[in-house]
Amino acid sequence: MSSGAMKSVPMSQWPSDHRYSIPVAGDQEIVSITIDDKVVQVRRGELLIKAAQDHGTYIPRFCWHERMKPVGMCRMCLVEVEGMRGFQISCATPVVDGMVVHTTTDNVKSVQDGILEFLLINHPLDCPVCDRGGECPLQDQTLAFGPGESRFVEEKRHFEKPIPISDLVMLDRERCIQCGRCTRFAAEIAGDPLIDFGGRGGTTEVITYPDEPFTSYFSGNTVQICPVGALTASAYRFRARPWDLESVETSCQACAVGCRGALESTSNRLVRLLGVDSEPVNHGWLCDKGRYGYEWVHSETRVRAPGVRRGTELAVTSWPEALDAAATALRRVRDEHGPSAIGVIGGARGTNEDAYAWARFAKGVLRTDNVDAQLGDGLPASMVLGMPRATIADLDRARAIVLLGPDLKEELPVLSLRVRRAAVDLGVPLIDVAARDHGLTPYATTVVRHLPGVIDEAVAQVTAALEGIAGDGPVVVVIGRGSVAETADATVYAAARLAALPGVRFLSALWRANVHGALDLGLAPGFLPGRVTLEAGREHVAAAWGGVPDEMGLDSAGIFDAAKAGHIKALVFVGCDPVTDFPDRTLVRDAIAAVERVVCVGAFPDDAAESADVFLPTTVWGEQAGTTTNLEGRVMRLGRKVTSEGQALEGWRIAAELAARLGSEWNLETVEEVQDEIARVAPAFIGVDASLLRRARDGVVLPVADHLDELTFGPDRPAAGQSWEPIRSAAEDDGEGAPSTPPQPAVALHTWSGDAPAPSAAPIDAYALRLVVARTLYGNDRMVTASPSLAKFAGGDARLLVNRRDRERIGVEDGTRVRVISPKASLDLPVHTDPSTPEGVGFLAINRAGPGASELIDVSATVTDVRVETIT
Amino acid sequence: MAVKETLVITKFLRERTEDSWEYAAAREHNNAYGALEKALKMEPAALVEEVQKSGLRGRGGAGFGTGQKWSFLPPDIFPRYLAVNADEGEPATFKDHMLIERDPHQIVEGSIITAYAIQAHHAFIYLRGEFALGAERLQAAVEDAYANGFLGKNILGSGFDLELIVHRGAGCYIAGDETGLLSSLEGERAMPRIKPPFPAVQGLYAAPTIVNNVETMSAVTQIVNNSGEWYAGMGVGKSLGTRIFSVSGNVERPGNYEVELGTTFRELIEGLAGGVKGGKQLKFFIPGGASSPWLLPEHLDEPLDMDRATELGTMLGSGAIMVFDETVDPVLIAWRIAKFFAHESCGKCTPCREGSGWLEKVLYRMANGLGRAEDLDLLLGFGNNLAPGLSWPPGQTTICQLGPSTMSPTVSLNKYWGDEIRARLTADEARRKTLQVTPA
Amino acid sequence: MSFSDTERRRAEEIVARYPHSKSALLPLLHMAQDRDGYVTGEAMKDIAELLGLTPALVLGTCSFYTMFKRAPIGNLVVSVCTNVSCLVNGGPALVDSLRARYADDEDVHVEEVECVAACDLAPVMQVNYEFHGPVTSEAAVDVIEQYKSGALVARTISGSPVIAGSKAP
Ligand SMILES: Cc1cc2nc3c(=O)[nH]c(=O)nc-3n(C[C@H](O)[C@H](O)[C@H](O)COP(=O)(O)O)c2cc1C
Ligand code: SF4
Ligand code: FES
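Since the structure is predicted, the reported quantities are computational estimates derived from the model, not experimental observations.

## Notes on the site of ligand 1
All names here are of chain B. Close contacts around ligand 1 come from 20 residues, with Gly60, Asn85, Glu178, Asn213 and Thr216 the closest. The separation between an oxygen atom of ligand 1 and a polar main-chain atom of glutamate 178 is 2.9 Å. Separating an oxygen atom of ligand 1 from a side-chain N or O atom of threonine 216 is a distance of 2.7 Å. Protein coverage of the free-state accessible area of ligand 1, which is 610 Å², stands at 91%. For the shell around ligand 1, the leading source of residues is strand β4 (residues 209-213), giving three residues. Here the shell around ligand 1 is composed, by residue class, of four nonpolar, 10 polar and six charged.

## A word on the pattern of salt bridges
One pass over the full model with this rule turns up 97 salt bridges over all chains. Among the salt bridges present, the one from arginine 200 of chain A reaches glutamate 344 of chain B, with a minimum N-O distance of 3.1 Å. Of this pair, arginine 200 of chain A sits in the loop between β8 (195-198) and β9 (205-208) while glutamate 344 of chain B sits in helix α14 (residues 330-344), on two different chains. Each member of the pair arginine 200 of chain A and glutamate 344 of chain B is classed as buried. The salt bridge partner of aspartate 456 of chain A is arginine 497 of chain A, with a shortest N-O separation of 2.6 Å. Here aspartate 456 of chain A, found in helix α13 (residues 456-467), pairs with arginine 497 of chain A, found in helix α14 (residues 489-499); they are 41 residues apart in sequence, far enough to count as distant. For arginine 497 of chain A, a relative accessible area of 32% puts it in the partly exposed group. Bridged by salt links that share partners, the residues Lys50, Asp54, Glu66, Arg67, Asp277, Glu279 and Arg728 of chain A form one connected network.

## Considerations on the confidence of the model for chain A
Regions with low pLDDT should not have their predicted coordinates read in detail. Averaged over every residue, the pLDDT of chain A is 92; residues scoring 70 or more account for 95%. Here residues 1-21 of chain A is a poorly scored stretch, pLDDT under 50, and it has 67 contacts once near neighbours within four places are set aside; other chains count.

## Considering the sheet that holds strand β6 (residues 163-164) of chain A
Taken in spatial order, the three strands line up as β6-β7-β10 (chain A) in an open sheet, and their pairing is antiparallel. The open sheet has two free edges, formed respectively by β6 and β10 (231-233) of chain A, since each of these has just one partner strand.

## Thoughts on helix α18 (residues 408-435) of chain B
Over its 28 residues, α18 of chain B runs only 33 Å from end to end, short of the ideal 40 Å by more than 12%, given 1.5 Å per residue. The largest bend in α18 of chain B is about 95°, located at tryptophan 417 of chain B.

## Some remarks on the interface of chain C and chain B
With 43 residues of chain C in contact, the opposing surface of chain B contributes 54 residues. Regarding the contact of chain C and chain B, the summed buried area is about 3800 Å², with carbon and sulfur atoms giving 57% of it. In terms of surface lost to chain B, no three residues of chain C exceed Phe64, Val84 and Glu114 of chain C, which account for 17% of the buried area on that side. The partner of arginine 155 of chain C in a salt bridge is glutamate 136 of chain B, with the nearest N and O atoms 2.5 Å apart. Taken together, the connections running from chain C to chain B amount to 25 residue pairs in polar contact (both at pLDDT 80 or more). Within the residue set of the side of chain C that touches chain B, elements represented by two or more residues are α2 (25-36), α4 (55-62), α5 (84-87), β2 (108-113) and β4 (130-132) of chain C. At four residues, the largest contribution of residues to the side of chain C that touches chain B is made by α2 of chain C. Tallied by class, the residues present in the side of chain C that touches chain B amount to 21 nonpolar, 15 polar and seven charged.

## Some remarks on the site of ligand 2
Close contacts around ligand 2 come from 13 residues, with Cys346, Lys348, Cys349, Cys352 and Cys400 of chain B the closest. Taken together, the residues that form the shell around ligand 2 break down as eight nonpolar, four polar and one charged.

## Remarks on the pairing of strand β13 (residues 269-277) of chain A
All names here are of chain A. For β13, a buried count of eight out of nine residues is recorded, marking the element as mostly surrounded by other parts of the structure. Looking at chain direction, strand β12 (residues 260-266) and β13 are connected through six bridges and run antiparallel. Bridge pairing in β13 places leucine 263 opposite leucine 273. Hairpin connection, β12 to β13: the antiparallel pair is bridged by two residues, and serine 267 has positive phi, about 50°.

## Section: unusual backbone geometry
A cis amide bond links lysine 195 of chain B to the next residue, proline 196 of chain B, at an omega of -10°. In this fold, proline 196 of chain B is placed in the loop between α9 (178-185) and β4. In the Ramachandran plot, arginine 75 of chain A falls in the positive-phi region, its phi being about 70° despite a non-glycine side chain. With respect to the helices and strands, arginine 75 of chain A occurs in the loop between α1 (48-54) and β3 (78-81). Positive phi outside glycine occurs at alanine 92 of chain B, with the angle close to 75°. Judged by its relative accessible area of 1%, alanine 92 of chain B is buried.

## Examining the domain arrangement of chain C
How large an interface is tends to be reported as the accessible area lost when its parts come together. Residue and element names in this part refer to chain C. We note that the domain assignment places domain 1 (5-64) and domain 2 (76-161) within chain C. For the domain 1 face of the interface with domain 2, the top three residues by lost area are His30, Gln33 and Asp34, together amounting to 87%. Counting the contacts that link domain 1 with domain 2 gives zero salt bridges. Where domain 1 packs against domain 2, one counts four residue pairs in polar contact (both at pLDDT 80 or more). The class makeup of the residues in the side of domain 1 that touches domain 2 is one nonpolar, three polar and one charged.

## So, the interface of chain C and chain A
With 20 residues of chain C at the contact, the number on the chain A side is 18 residues. Buried area between chain C and chain A, summed over both chains or domains, comes out near 1500 Å², and the portion from carbon and sulfur atoms is 66%. Looking at the side of chain C facing chain A, the largest losses of area belong to Ala56, Leu57 and Phe64 of chain C, adding up to 30% of the total buried there. Taken together, the links from chain C to chain A amount to one salt bridge. Between aspartate 211 of chain A and lysine 45 of chain C there is a salt bridge, with the nearest N and O atoms lying 2.9 Å from each other. Taken together, the links from chain C to chain A amount to five residue pairs in polar contact (both at pLDDT 80 or more). Going through the elements one at a time, α3 (41-51) and α4 of chain C are the ones with two or more residues in the side of chain C that touches chain A.

## Side note on a negative patch on the surface
Taken together, the side chains of Glu669, Glu672, Glu673 and Asp676 of chain A define an acidic patch exposed on the protein surface. Position of aspartate 676 of chain A relative to the elements: it lies in helix α21 (residues 671-681).

Calculation notes
Going along each chain's sequence as written, the residues are numbered from 1 onward. As they are written, the chains are lettered A onward and the ligands numbered 1 onward, keeping that order. Only residues with pLDDT of at least 70 are given local features in this predicted model, and only at 80 or more are side-chain atom pairs given and counted; all residues enter the totals for whole chains, interfaces and linings. Side-chain measures here rest on the full set of heavy atoms in the structure, leaving out hydrogens and waters. Any residue with a heavy atom positioned within 4 Å of a molecule or strand is treated as near that molecule or strand. As used in this structure description, the phrase polar contact means that two N or O atoms lie within 3.5 Å; if the pair is within protein, one of them must be able to donate a hydrogen and the other to accept it, and residues adjacent in sequence are counted only when both atoms belong to side chains. Surface accessibility follows the Shrake-Rupley procedure with a 1.4 Å probe radius. Residue values consider only the protein chains on display as shielding. Numbering goes from the N terminus for both helices and strands, where a helix is a DSSP run of H or I of at least four residues and a strand is a run of E of at least two. For this classification, Asp, Glu, Lys and Arg are treated as charged, while Ala, Val, Leu, Ile, Met, Phe, Trp, Tyr, Cys and Pro are nonpolar and the rest, including Gly, are polar. One side-chain nitrogen of Lys or Arg within 4 Å of one carboxyl oxygen of Asp or Glu is enough to make a salt bridge. Accessibility here uses a 1.4 Å probe with only protein chains present; expressed as a share of the type maximum, an area under 20% marks a residue as buried, one over 50% as exposed, and anything in between as partly exposed. As a per-residue measure, pLDDT reflects the predictor's confidence and takes values from 0 up to 100. It only takes one pair of heavy atoms within 4.5 Å for two residues to be counted as in contact. Should DSSP find at least two bridges between two strands, the strands are regarded as paired. For a helix, the expected span equals 1.5 Å multiplied by the residue count minus one. One axis fitted to the seven residues ending at a residue, another fitted to the seven starting there: the angle between these axes is the bend at that residue. The quantity reported as buried area is the accessible area (1.4 Å probe) lost by two parts once they are put together, taken as the sum for both. As annotated, the domain borders come from an automatic or database domain assignment. In this scheme, patches are assembled from residues that exceed 30% relative accessible area and form no salt bridge. Like charges are connected within 9 Å, while nonpolar side chains (Val, Leu, Ile, Met, Phe, Trp, Tyr) are connected within 5 Å. By the counting scheme adopted, Arg and Lys are positive, Glu and Asp are negative, and His together with the chain ends is not counted. Charge positions come from single atoms, namely NZ of Lys, CZ of Arg, CG of Asp or CD of Glu.

Structural data, given as structure tokens:
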């Protein structure tokens, strides 16, 4: 059931007005041009406006945006070029050798004044009540160059005041200056052209189709790049004035892309996250979940004080008492039943420093290797840590991209933008291997469909497709766990076969924000910090820690099984809610019920916390400094912007306190000290100390020796942007550059053997549906439900999505409740038609409230087949 | 005044008013597709050369050398497209309308020849949406051409294939601009695009594309029928051959007249069009469509020569000559043209989108006795940011020529009647002040 | 009203003529307007689906062009030119008188338009894009009434000849 489908030319490749192929990047040749009497060296063919900006000459603009193709609408960037008649728009003029440009002549100034005057004749003067007031280029430039008094005495254009164009974005058409940034973003970057210009001439306005709002996962970017206050975020409207804001650079922690952002607060409350333009990571974009998900930090439901169980209640207590209680409980279990009677799960949501401290606590102090940051929904650590890796930027230069795994638009949204760009703008062939269609399918050059768990034929098709693609870039295989209703076996097997092909590198598509940092720092069975196995790293790490576990431990599923069977007596949950997150909810409940002690470290009272004996509240993103590691292995700084209300502590401090109570003094006082210790102890982190992390603008990809030339230092020019312009990543500049000699790890890093057994090809009976279970961007996860702006998207209960023909075969109308029977459970769920799901397959989103996928799934079964019956 | 027309492309439609658009008549009495038969026996490059030899310049408005434009196609890039501009929207231009309704086969034939010359296998005739009868006749002509083997696969056994589509617009002047036309043909809002890249390099679907006017296509047919040299034997200077001029306004015999270039305005207006209606005096005339700056009676003896028009600070543009008698208020005409541009601005460029509306509003009050003393200078002030230099050919702060063209009428007002208008505005303002009542 | 099977087939034929499907947008909008008398919301959605566009893009393009009406306007659209050549030959007075005459007639939509390229006929009027000129107010009313009575056969509201399936005025 696969097809090498013929695709029509994606609309985004249309050469219509704004999708023009004016060369924008320039070529490799360096030429000299003169800008306002200054001779500068620039790349031939790059746009004049950009070349000038990179050399300190800011040419005013409204419509041009660095990440989009020039459209030349606003006409603000006009300059004079010697030898060319009249004025040229610098945003669409490629530079040629010897060009002599004047950007500030009287003529230029006078037309720029004129453009401002034209823009203002129909622009309301409501700056005092406009969100953009204070950071508005129209306002600024009017003050700087504009006409003093209006010569326009007629009535201005009027529109009904702000209208919502989606649940998150408001449009004030009177303020719109028709720069087309939002419409171009929607079409060119997001691929969601749900807004366009309507009307003509003086009555041009931004429109949506009346009953089809701008429900893009990326809608918030339009607010950020709107140069005036025409588009505003309902989350931010009237919340703050720009001059009251304080800002720190950070990485978004809604998923493992780790988009760079500027986190802003006023009066100790976070009010805004803006995308920062990091070339290797996110190009300035954020998804809406990341952009508005900061709200959860201030959620009323946060646990802000430590607690210990007294009878059926978790009672608020002091830190010393709570830490003592946790330490005592863990020590007792260890002493009575041995270290492997303790399981530690989680750690993929904190900082690297937290992850390291928990790894040291679990493996160096408790000495258990039953440690796993993944919750049964990922890939084997051995593969993730040892496979040949690609960077996000490799997508741009790839020979081909193979999608093998999750729906990136749902799980790693901004990565899907990068893949889309590679495919659409850069022409990289995209091979889509999946059980059903998804957000990137429209851009695929080859579509390979397969039944969950049955991958051989698909691999053969990918191999054949790759053979037909010439070129010398890497083949980037984006790999993740496409469905938790099957084991990872088929994916791992496919990866193993693809790994044998020339030039194949992998981009890991695990989704939890810092899962890669957690794995890198040892929160996986059989591994120690720094991508070394327990065996290989034993001596090196034990020298620093005083000891490591004797034997290899269990992963999450193994830990829960062992707990249920009575072999594991204590569970420590670090920043996770296994009841919601682990694919088999019943198993988790049974395991928790069976153990003697549960210690929860986290920020929210979740399902597991209900049975916790001790609850230790942590600070979260925005409240704590440190680093995170994104899916390409890039270690990036996280900024602290607000002080936690209540008594929460950083995770690494909690771990250190517990360690001390178990007789291990770490002497770590600051986050930098933890970073320096990581650089010493964890082999893959060699050289990545606090000093390098502070200076490297876009972070550091591990291991640094392989990525030395990608390091960039010091602030870019201009040092920062304005919220409406690409904001540049800013790093403090200590003056030093990259380490001159590539630091070599003390222990050889783990490499994946690339062996995997063929999955047992499971036939499916003609009456069954094989389940695909995966996440959607919005669901019942904490970040969504605890962020008021996003809570409305949380989505209701589970729905079974099937092909129209399967629904007809079941014999029910769309939306009817049916009985879904898996070998493990039977549930009543509504069934809906879904054109993305092929015949024979059923789709369930896992992150839904109420009974659903995690009741049906048995994590030990290769695949999950269900029968569907009508309810009589 | 005894002036003669030189009928080249309008000869047949003048001769057979009853059925010139029909295939049988055109074939039988006008040797329709005879030029095509001849052309297909030539090398494409030789055709380009022949047209270059004719000196034919585009009849759409810009007056660019037709053969020269064709020669700008990048040599090795295919596919290529031909888009025939039948959007005729420039106010007072109605020559293409006539050619389309009354001699569609000549256009189709020229289009096929051109497509062959530039080696395009897809051609489009972008037809103004409001030409309902034209659409019918042109469509019928195309169908006849297909039926008789002049279109489709292996045309007349030459091995050359061509699909020709008549594509109807839907009411918008800016689709007449060549890049606006291409956007529209792509199903977009008809917004002009930044040049370069020029359509010949990157046009329809980002492929090399030639855009030519309907009259240009008709002339190509006759050039091939006769010869480039023959065509170049008519005309004056670098304005060669014949051209159809649409004469309208206050004249006795409004209509289309095909004359040899170099004929004078007087011969055209007073001779062929019968002079100003009702024996009134000529006040001024607009020589090349609403976009062009105006001329006065003193210019009547100037020749219809594109380069001479440039020297006079105007253009022959689309060949539309509007004649106004002594009773017409030029400010009213300026306002009406401004209103047209404000209505038709696509809205892409700030100066044009905002400036055209502002211009219209101020001219409206000026034309209606509600002016302010400084109004004309206000217009010239902000107008200078729309058409820098306020001269012709204009400086440009916009993507297409529509922007600066909006200023042509105002600049003409100022040039010819500046003092008079200022005095009138001052008087208007004074009168309005005396009329003003203080609100209670 | 959604595309019928025949209409869909016709639409697909139109699409197939173009090297790229989106080019069929204007022809399809004309086709929809021929059928319904204006471009309905449903038609825009149908077209969007057929061409793989979003309805917003269809609306964006549709709203750019003056011939496309997005609300019912009656069966006859009377376009009177008031651009300069018609202006000096009585166009404005013609439009005023026709507007007054048909103010309450839901069948007749009188609109002032830009130059329709027939200045030799000034003042000129189009009725469903059929040219008439020069016309006095009386002559214009007479022509319009003939269309209303059926003595003259009107084209569709998009100017197409009336063929089976399109909405007869
Ligand atoms: C605003 C504007 C409107 C135009 N309208 C028309 C038109 O209606 N018909 C036409 O043939 N050319 C029109 N042109 C000129 C075209 O851009 C183009 O120069 C012409 O079609 C090329 O054909 P030619 O070389 O045969 O003249 C217009 C140009 C502009 C800037
Ligand atoms: S000058 Fe006017 S019509 Fe031309 S592209 Fe700009 S806005 Fe559109
Ligand atoms: S920035 Fe160049 S035209 Fe807008």
